[in-house]
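Read off the chains here:
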Amino acid sequence: MRCALCEFHLHATLGEIVLDHPAVVSLFHNHGLDLRSVPRWELDFCFDEQYVKRISEDSLRGRVVVSCDNEMLELTLGETGTVINTSHY
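The rules behind each value
- Residues numbered from 1 in each chain as written.
- Predicted model: local features only at pLDDT ≥ 70, side-chain atom pairs only at ≥ 80, totals over all residues.
- Heavy atoms only, no water.
- Helix = DSSP H or I, 4+ residues; strand = E, 2+ residues; numbered from the N terminus.
- Buried < 20%, exposed > 50% of the residue type's maximum accessible area, 1.4 Å probe, protein only.
- Contact = heavy atoms within 4.5 Å.
- Pairing = 2+ DSSP bridges.
- Axes fitted to C-alpha atoms, helices over the stretch in contact; angles between N-to-C directions.

Focus: the environment of Arg61
- Mapped onto the fold, Arg61 is located in the loop between β1 (52-54) and β2 (62-68).
- Classification of Arg61 as partly exposed rests on a relative accessible area of 34%.
- Taking C-alpha positions, Arg61 is 5.3 Å from Glu79, a pair spaced 18 residues apart along the chain.
- Discounting chain neighbours no more than four positions away, the residues touching Arg61 are Lys53, Arg54, Ile55, Ser56, Thr76, Leu77, Gly78, Glu79 and Ile84.

Structural notes on the environment of Ile17
- Structurally, the position occupied by Ile17 is in helix α1 (residues 14-17).
- In this structure the C-alpha to C-alpha distance between Ile17 and Tyr89, which are 72 residues apart in sequence, comes to 21 Å.
- Setting aside its immediate chain neighbours within four residues, Ile17 contacts Ala12, Leu77 and Gly81.

So, the sheet that holds strand β4 (residues 83-88)
- On the basis of which strands lie adjacent, the open sheet formed by four strands has the order β1-β2-β3-β4 and antiparallel pairing. Each edge of the open sheet carries a strand with a single partner, namely β1 and β4. Going across the sheet, the axis of each strand differs from the next one's by a mean of 20°, ignoring polarity.
- Summarising the sheet, strand β3 (residues 71-77) and β4 pair through five bridges and their orientation is antiparallel. Note that in β4 the partner of Glu74 across the bridge is Ser87.

What follows is the structure, given as structure tokens:
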């Protein structure tokens, strides 16, 4: 991501990009956890590559798996980093 005002480039992992997605926030909220109170480095899906998968070599599409207790949420991201699909298990 790039700031339109100062040209600062922010680099984030795919896990960090989905951190504030409503489905992710809801998953943790349903288990009594507020993501704002959990340091990012304690959330495996933010930095551990085993939770992130590149879907296509032709385009920049990826998948992030978020888990909380025994529930899993799979988020598919498009080329622009926006979530284009979610699946809840």
